[in-house]
Amino acid sequence: MAHPGDRDPDRTTPRGSGLGLKGASADHMDPLPITFNDPGLGSPGSASNDPAYVLPSGVWWLGAYVGSGTVQGEWKGSDLETLDQAEDWLSTGQAGLQFGRAWRSGWSVSAGLGLSMVRSRFDYKTTGPSSSFLEVDTTWSEYAHTTTGVPLYTWVIDSMIVDRPGSLSRVDSRNRYAAVQVPLTVHWYGDLRRFRLGAFGGVMAWIPTQRQGLTLAGPIQDGSPTTLPLQDARVSDRFAAQLHGQAGMSVGYFVTEHFSAYVEPLISTPILSFSGGETPWLTRPTLQIRIQHEIRYRPH
């Protein structure tokens, strides 16, 4: 009687092994124990452990903006009523860069550097000095002598001083004012899926740099102001640095995980002028487009 452990003379493996390979043999193998690198974690160890993904408390970001809007303003200072009537403020444009830091709470702070351009129309009408002249009117009369019938003539001379108004003259130009602006801004945003809704506010240094066009200076002795180029040194004191306040709303969209775009209506207005005298006082409602890229470093 054959036993399960007996070998078949025609087979090279034990019965029931399921192996039909000639010359193969079965060997005994000891089981390997399962070990843990960190028993406290309760998870099997591996050759390489990737660190857990942790969101940073804040990220740095770099942005750029461009905007366009209208201008509402006036000239502040004594004896500038005529200039205020002659200059009509038209439009403004601005562009620049921003660098800031944002936190997971939604708050963000930034500083920037940009350029601003303001345009206006200068239209000044003036009347030249009047002149006086003497007008003489002579009236002749004729009558006949009563006895001889010879015609006789008499005349009456009437003189009068007449004032003639001066000629009307008009001077106009398109004025342009350039300035460097340095905004310091605080932002807050709330996320709604890929959209961002928020608001911002802050202060901005507005430093005039270049100007082109015409302006008025005076009055002089006869009470009429004089037309001067904006580059004239006599009006340079009007264009000192100013401190502006600005505030606005922001609607953003995440194009990618780290890149977003924003539409921002804002308004800026002067708070303080360092000239202390004659100066343009301009409020600028602006629609701004801004892009922002988060700078994140993946740990190695």
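Below: a short report on this structure. (Residues numbered from 1 in each chain as written. Predicted model: local features only at pLDDT ≥ 70, side-chain atom pairs only at ≥ 80, totals over all residues. Heavy atoms only, no water.)

**Re the pattern of salt bridges**
Item 1. All chains considered together, the criterion is met by seven salt bridges.
Item 2. Between Arg170 and Asp123 there is a salt bridge, and its shortest N-O distance comes to 3.0 Å. Within this pair, whereas Arg170 is found in strand 7 (residues 168-192), its partner Asp123 is found in strand 4 (residues 107-127), the two being separated by 47 residues in sequence.
Item 3. For Arg170, a relative accessible area of 54% puts it in the exposed group.
Item 4. In this structure, Asp232 engages Arg234 in a salt bridge whose closest nitrogen and oxygen atoms are separated by 3.1 Å.
Item 5. Among the charged side chains, a network of salt bridges with common partners joins Asp123, Lys125 and Arg170. (Salt bridge = Lys/Arg side-chain N within 4 Å of Asp/Glu carboxyl O. Helix = DSSP H or I, 4+ residues; strand = E, 2+ residues; numbered from the N terminus. Buried < 20%, exposed > 50% of the residue type's maximum accessible area, 1.4 Å probe, protein only.)

**Regarding the side chain of Glu87**
Item 1. Along the polypeptide, Glu87 turns up in strand 3 (residues 87-103).
Item 2. Nearest to the buried, unbridged Glu87 among oppositely charged side chains is Arg238, at 6.9 Å.
Item 3. A polar side-chain atom of Glu87 sits 2.9 Å from a polar atom in the side chain of Trp75.
Item 4. With residues up to four places along the chain from it excluded, the contact list for Glu87 reads Trp75, Ser120, Arg121, Asn175 and Tyr177. (Lys, Arg positive; Asp, Glu negative; His and termini not counted. Polar contact = N/O pair within 3.5 Å; in protein donor to acceptor, adjacent residues only side chain to side chain. Contact = heavy atoms within 4.5 Å.)

**What to know about the environment of Tyr143**
Item 1. Note on placement: Tyr143 falls in strand 5 (residues 131-144).
Item 2. Separated by ten residues in sequence, Tyr143 and Tyr153 place their C-alpha atoms 6.5 Å apart.
Item 3. What Tyr143 contacts, discounting residues up to four positions off in sequence, is Val150, Pro151, Leu152 and Thr154.

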